[in-house]
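# Structure at a glance
Here is what each chain is made of, one letter per residue.
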Amino acid sequence: MRLFAAVIPPQAAIEELAAEVAQLRAALPERRGRLRWTDPVTWHFTLAFLGEVDDALLPGLGEHLARAAHRHPAHELRFAGGGRFGDRVLWVGATGSLETVGSLARSTVAAARQAGVRMDDARPFRPHLTLARVAGHVSLRPYAEELSEFRGRRWRVERLELVRSHLGGGVAGRPRYETVEAWPLGTRRAP
């Protein structure tokens, strides 16, 4: 199955960001048709993309990820600012306990490798949540500039989630995500 480890923001933070994105889309309507906006129900911060993982590795993977979650405390983040990867992807960033979430991301990659998951060389973690992808040619600069001053409310990161991606399983052929397992941060998992 196709898996990734993630932090999923709470509903209140997602709703606040969704309202900001709605204003952004209204402010720049002439470009709307050429962007594929992500669905708020899929919004997350990817800590580690694991790719296709054999079912036989899941028990060990779960144990290693549980230990990784235990080693990191719950912490606060907030959506902040925006940016782009060229003119391909528009994203919103984060501020808050970035060192802690970065350490959690590195531990997640290490846990997956220890469990036997073959991973490509992981890129350095840069907390971002993808808002839109370009379909055609669109300059994302005005969108990123509009998002630059955005600061959402603080929210607590309290768990690490292992998520399965069902490609083409959602609305309009978009991926659908399903949490396979989740572990609280900073606490031991009950036996």
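Residues numbered from 1 in each chain as written. Predicted model: local features only at pLDDT ≥ 70, side-chain atom pairs only at ≥ 80, totals over all residues. Heavy atoms only, no water.

### Considering the packing of aromatic side chains
- Tallied over the full model, the rule gives six aromatic pairs.
- Ring centres of F4 and Y177 lie 5.1 Å apart, and the angle between their planes is 85 degrees; on these two criteria the pair is classed as edge-to-face. Residue F4 is found in strand 1 (residues 2-7), and its partner Y177 is found in strand 9 (residues 176-184); the two are separated by 173 residues along the sequence.
- By relative accessible area, which is 4% here, F4 ends up buried.
- Measuring from centroid to centroid gives 6.2 Å for F45 and W155, while their planes differ by 20 degrees, and the two rings are stacked. Taken together, the residues F45 in strand 3 (residues 45-52) and W155 in strand 7 (residues 155-157) connect sequence positions 110 residues apart. (Phe/Tyr/Trp six-rings, centres within 6.5 Å; stacked < 30°, edge-to-face > 60°. Helix = DSSP H or I, 4+ residues; strand = E, 2+ residues; numbered from the N terminus. Buried < 20%, exposed > 50% of the residue type's maximum accessible area, 1.4 Å probe, protein only.)

### Comments concerning the side chain of H166
- The residue H166 is located in strand 8 (residues 159-166) in this model.
- Under the relative-accessibility criterion, H166 is labelled buried at 17%.
- Setting aside its immediate chain neighbours within four residues, H166 contacts R174, P175, R176 and E178. (Contact = heavy atoms within 4.5 Å.)

### Quick notes on the packing of helix 2 (residues 58-70) against helix 3 (residues 98-114)
- It is the contact of helix 2 with helix 3, at a shortest axis distance of 8 Å, that shows an interaxial angle of 155 degrees. As the angle between them shows, helix 2 and helix 3 are arranged roughly antiparallel. Here helix 2 and helix 3 pass one another in a crossing that is right-handed. On helix 3, the residues touching L61, H64, L65 and A68 of helix 2 are L104, S107, T108, A111, A112 and Q114.
- The class makeup of the residues in the contact of helix 2 with helix 3 is six nonpolar, four polar and no charged. (Axes fitted to C-alpha atoms, helices over the stretch in contact; angles between N-to-C directions. Parallel < 35°, antiparallel > 145°, perpendicular 65-115°, else oblique. Left-handed = near helix turned anticlockwise from the far one by under 90°. Nonpolar A, V, L, I, M, F, W, Y, C, P; charged D, E, K, R; others polar.)

### Examining helix 3
- Helix length check: helix 3 (17 residues) gives 24 Å between terminal C-alpha atoms against 24 Å at 1.5 Å per residue, within 8%.
- Within the sequence span of helix 3, burial applies to V101, G102, L104, A105, S107, T108, V109, A111 and A112.
- At its buried positions, helix 3 is contacted by strand 1, strand 3, helix 2, strand 4 (75-85) and strand 8.
- Immediately downstream of helix 3, the backbone of G116 shows phi near 95 degrees, a positive value. (Expected span 1.5 Å × (residues − 1).)

### Points about the pattern of salt bridges
- Under the definition given, this model contains five salt bridges.
- For the salt bridge of R153 with E16, the shortest nitrogen-to-oxygen distance reads 3.7 Å. With R153 in the loop between helix 4 (141-147) and strand 7 and E16 in helix 1 (residues 11-27), this pair connects stretches of sequence that are 137 residues apart.
- The exposure class assigned to E16 is partly exposed, which follows from its relative accessible area of 22%.
- Across the salt bridge formed by D87 and R84, the nearest N and O atoms sit 3.1 Å from each other.
- Judged by relative accessible area, which is 26%, R84 ranks as partly exposed. (Salt bridge = Lys/Arg side-chain N within 4 Å of Asp/Glu carboxyl O.)

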